[in-house]
Amino acid sequence: MRQLVIKTTSGLDQPEATNQAFTVAAAAAASGAEVSLWLTGESAWLALPGRAAELELEHATPLPQLIEVILGAGTVTVCTQCAARRDITEADVLPGVRIAGSALFTEEILRDGAQALVY
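Here the structure is a predicted model, which means the values were calculated and not measured. (Residues numbered from 1 in each chain as written. Predicted model: local features only at pLDDT ≥ 70, side-chain atom pairs only at ≥ 80, totals over all residues. Heavy atoms only, no water.)

Draft legend 1. The sheet that holds strand 2 (residues 34-39), seen in detail. Read from one edge of the open sheet, five strands run 4-3-2-1-5, paired in parallel fashion. Two strands close off the open sheet at either side, each with one partner strand: strand 4 (97-100) and strand 5 (115-118). Strand after strand, the sheet turns through a mean of 25° between neighbouring axes, direction not considered. Each of strand 1 (3-8), strand 2 and strand 5 touches helix 1 (residues 15-30); the most contacted strand, strand 1, lies at about 165° to it. (Pairing = 2+ DSSP bridges. Helix = DSSP H or I, 4+ residues; strand = E, 2+ residues; numbered from the N terminus. Axes fitted to C-alpha atoms, helices over the stretch in contact; angles between N-to-C directions. Contact = heavy atoms within 4.5 Å.)

Here's what the structure looks like:
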């Protein structure tokens, strides 16, 4: 199965778009795909403990559960610049979440067989 790289720029400001990105990432991870979820813009806040639980959307799986599935089988990354603009450091994020920049994102999306989605 090929790699799926998902980038989301939405956060609590756009709950449906945010939930869509996390749901697709979790479903792909549960299906055995290699998943890399990138949190950029407002979604960077969701990497902090307790923040994902603030997103409530009727008929949707809670974000903390989706993050757990994604981290169990893939990676979650916060954009370096997005983290810096929000004063988020490695010490602030959930266990297993990393902070990395555009070079790594570019490397991931350019791998043979990779599929990239942006929400």
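Additional details are given in the paragraphs that follow.
Draft legend 2. Region of the structure containing the pairing of strand 1. A large share of strand 1 lies buried, amounting to five of its six residues. One ladder, built from six bridges, connects strand 1 with strand 2; its direction is parallel. Each bridged residue has a counterpart across the sheet, and for Gln-3 the counterpart in strand 2 is Glu-34. In this view, the connection linking strand 1 to its parallel neighbour strand 2 by way of helix 1 has right-handed handedness. Of the strand pairs in this sheet, strand 1 and strand 5 are connected by four bridges, and their pairing is parallel. By the bridge assignment, Ile-6 is partnered in strand 5 with Leu-117. (Buried < 20%, exposed > 50% of the residue type's maximum accessible area, 1.4 Å probe, protein only. Right-handed = clockwise from strand over helix to strand, strands pointing away.)

Draft legend 3. Here's a closer look at the pattern of salt bridges. Here the structure, examined in full by the defined rule, presents five salt bridges. Note that Glu-42 and Arg-86 form a salt bridge whose closest N and O atoms lie 3.2 Å from each other. Of the two residues, Glu-42 sits in the loop between strand 2 and helix 2 (63-73) while Arg-86 sits in the loop between helix 3 (80-85) and strand 4, which places them 44 residues apart along the sequence. Judged by its relative accessible area of 35%, Glu-42 falls in the partly exposed class. (Salt bridge = Lys/Arg side-chain N within 4 Å of Asp/Glu carboxyl O.)

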